[in-house]
Amino acid sequence: MKSGLGATAAAFAVLSLATATAEAAAKTTLKDWPKISSPVAKDPAIEKRIAEIVAGMTLEQKVGQMTQAEIRSVTPSQVRKYYIGSILNGGGAWPEMNKHASVADWARLSAQFYEASMSTDMKTPVPVIWGTDAVHGHNNVFGAVLYPHNIGLGAARDPQLVGDIARQTAAAVRATGITWVFAPTLAVVQNPRWGRTYESYSSDPELVREYAGYYVRGLQGDLKGGASAVATAKHFIGDGGTFNGKDQGENRYSLSEMINIHGPGYYGALEAGAQTVMASYNSWNDVAAGVNHGKMHGASDMLTGVLKGKLGFDGLVISDWNAIEQVPGCERAHCPQAINAGVDLFMVPDDWHEFIMATINDVKTGVVPMSRIDDAVTRILRVKMRSGLFENPPAASPLNGRSESVNNEAERALARRAVSESLVLLKNNRALPLGSVKRILVVGKAASGFGSQLGGWSMTWQGTENGSADFPNAEDFLAAARKAVGMGGKVDYSADAANVDVGSYDAVIAVIGELPYAEGKGDVTFPASLQHSERYPEDLAVVKAVSGKGVPVITVLYSGRPVYANDLINLSDAFVAAWLPGTEAGGIADVLIHSSSGRPVGTASDFRGTLPFDWPLAACPQSGKKADYLPRGFGLTYAKPGAVHTLPVKPAPKGCVAPAE
Ligand code: GLC
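Residues numbered from 1 in each chain as written. Predicted model: local features only at pLDDT ≥ 70, side-chain atom pairs only at ≥ 80, totals over all residues. Heavy atoms only, no water.

1. Points about the site of the ligand
Contacts to the ligand come from 13 residues, most closely from Asp133, Arg196, Lys234, His235 and Asp320. Contact between the ligand and aspartate 133: an oxygen atom at 2.5 Å from a side-chain N or O atom of the residue. Glutamate 519 is positioned with one of its side-chain polar atoms (N or O) 3.1 Å from an oxygen atom of the ligand. Class assignment of the residues belonging to the shell around the ligand gives a composition of seven nonpolar, one polar and five charged. (Near = heavy atom within 4 Å. Polar contact = N/O pair within 3.5 Å; in protein donor to acceptor, adjacent residues only side chain to side chain. Nonpolar A, V, L, I, M, F, W, Y, C, P; charged D, E, K, R; others polar.)

Written as structure tokens, this is what we have:
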């Protein structure tokens, strides 16, 4: 969905606008799924060894290998007894359920699982592989640096930055004895209602394709090294295009749109050698062609026909968390349809034992052919062998157990730079940068504390149930502003700006935002409008309280999606979309506050970010209606300023009447 400057958007009359037109470089439209050649070629020696191991495995051992259990529900001795091939930690799971577990605690638990898997009675023991959602740094681990979520990285338009973050993430993950990351998310989100919009880099398929390659190469390195981790291209396919942005909903795009909008991220990931793909919860109903492919986890035409066939993927396909229960006729722990469709490894976090029993029975009764089991196990062993897991226990990595790998000066500097590059300046009527200001008033709930600043997937799945003590190395905006102003000035804080003499300050910075969420819990469910202040009236109240007092108001919005914010923008002299910046809010202060003291050398000083998605200029934006959006690619800088006039404010208190799609 592209949009240029419509009538309303023209209110953003700027001297120079990096608009979507600059991006509209001619893109060839693919007519079919392209054959991708992976840089990780088939190694005859590995293939021979795999075949020998598989030939010596019992049915129980093979099905165990196809099973992934969660660390809250499985012990090392059960991994040994049931030949379990993989484990994961979901968001909010830590060793011994100790939220503040150390890097050494993680590494110790990993070694226990690995040793258990290597002490089975199999002819050739097969090492267990541990996967984790390190989706913006090693976000489950106490003290880790958290980078901006993908939406902010998309705004930065800096593929090398993404590669560098992936490399640092791999090092952090390996320090904890984990060798597999469930990233990158390659959704090309078309509707910001989706609660996972922030896990998407952009609505631009070509940007997602480029980022996918950089991320996979950064994370996987040469696959075997002690600082490498296996990547996961997810969620295959079409998760970012469901009707009305409904999480786990129905994608109704055409075959050509699926190939050319939702596919490019996978082309980028597979041509960089991604070794695993996670199937998607969504279904695909190609309405235009009258072909309903159904839920992806049961779609053999997609998982086998397209992914493994046409695209030529020879790694493993993993199911999503209990996703197989959504396949018609399946249960949470029993789904021969998904096995036969092409899923190789099953994320059955708690019900792993029932899954093993049911699947063994399906093979014995012929519901699942042994050839499919052998193919799945072959793919799983292929990924493990290619990533060196047979020869090198996770503990063999020189990074293993080293706490500085999850938080160090270099990582904090990289994250800080990423924050600065992610910021998008939507309005600046001569308010920024703050130069020799002495007295700053900071207001807004999001300026102090980390919930809105970090978003979901931060120590917990939802990013909730955390306190500042859970992020010992993080810096919120208030602390960053105080550092930036230094001893020569003063920075006061009032969350709601009540009883504050605004006129006694040189400037006000209002830091507001969404409260954290993940997945469906973050959906803005139709017919609710996309107006931020409708969901968060406290944010409008605090900006109103400081606006119009003769003191410039700079509003910084933390959000996991583009939102309708005309009312907030009108009340602000400058407006910055900061997305979900992660632990280093100093990257925001670097760009906003140019006072002499407190600025680290070499930090950013101007904006460079541009909108990764169209930005709503209506409470119920109509897909394809140019006037309803500020176009993807828009972004002001200090070097290229622009005046933004008063925007129309038309709330939709009764909700949106027509589907947003
Ligand atoms: C979640 C997500 C997926 C994640 C998995 C494991 O439901 O859909 O992205 O990797 O479960 O946490």
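Read on, since the account is not over.
2. Some words on the sheet that holds strand S16 (residues 553-558)
For sheets, the rule is that strands pair by backbone hydrogen bonds, running either parallel or antiparallel. Ordered by their spatial adjacency, six strands build an open sheet running S12-S17-S16-S15-S13-S14, and the pairing between neighbours is mixed. In this open sheet, the two strands that pair with only one neighbour each are strand S12 (424-428) and strand S14 (490-494). Strand-to-strand twist in this sheet, taken as the mean axis angle between neighbours without regard to direction, amounts to 20°. When strand S15 (residues 507-513) meets S16, the two strands line up parallel, connected through six bridges. Residue pairing across strands places isoleucine 512 opposite leucine 557, the latter belonging to S16. Lying over the sheet, helix H17 (residues 477-485) contacts strand S13 (439-443), S14, S15 and S16, oriented at roughly 160° with respect to S14. (Pairing = 2+ DSSP bridges. Helix = DSSP H or I, 4+ residues; strand = E, 2+ residues; numbered from the N terminus. Axes fitted to C-alpha atoms, helices over the stretch in contact; angles between N-to-C directions. Contact = heavy atoms within 4.5 Å.)

3. Observations concerning the environment of serine 86
By the element assignment, serine 86 lies in strand S2 (residues 86-89). Each C-alpha atom, one on serine 86 and one on alanine 212, is 24 Å from the other, the two residues being 126 residues apart in sequence. For serine 86, the side chain forms a polar contact with the side chain of glutamine 68, separated by 3.0 Å.

4. Focus: the confidence of the model for the chain
For the chain, the mean per-residue pLDDT works out to 94, and 95% of the residues sit at or above 70. A low-confidence stretch, residues 1-7 (pLDDT under 50), is modelled with 26 contacts involving residues beyond four sequence positions or located in other chains. Counting contacts from residues 14-24, a segment whose pLDDT is below 50, to residues more than four positions away or on other chains yields 24 contacts. (pLDDT = per-residue confidence, 0-100.)

5. A few points about the state of the cysteines
In total, this model carries two disulfides according to the counting rule given. Each disulfide pairs two cysteine sulfurs, and for cysteine 330 the partner residue is cysteine 335, the sulfurs being separated by 2.0 Å. The sign of the 65° torsion about the S-S bond sets the cysteine 330-cysteine 335 disulfide as right-handed. The class for cysteine 330 is buried, based on a relative accessible area of 12%. Taking the relative accessible area as the measure of exposure, cysteine 335 reaches 1% and is therefore buried. With a sulfur-sulfur separation of 2.0 Å, cysteine 620 is cross-linked through a disulfide to cysteine 656. Where cysteine 620 bonds to cysteine 656 through sulfur, the torsion about that S-S bond is close to -85°, and the disulfide is left-handed. Linking cysteine 620 in the loop between strand S18 (615-616) and strand S19 (629-630) with cysteine 656 in the segment after S19, this pair joins segments that are 36 residues apart in sequence. (Disulfide = S-S within 2.5 Å. Buried < 20%, exposed > 50% of the residue type's maximum accessible area, 1.4 Å probe, protein only.)

6. A word on the sheet that holds strand S9 (residues 291-295)
Ordered by their spatial adjacency, three strands build an open sheet running S6-S8-S9, and the pairing between neighbours is mixed. Here the strands that pair on one side only, and so sit at the sheet edges, are strand S6 (250-251) and S9. Bridging between S6 and strand S8 (residues 283-286) involves two bridges; their strand directions are parallel. When the bridges of S8 are listed, asparagine 251 appears paired with tryptophan 284.

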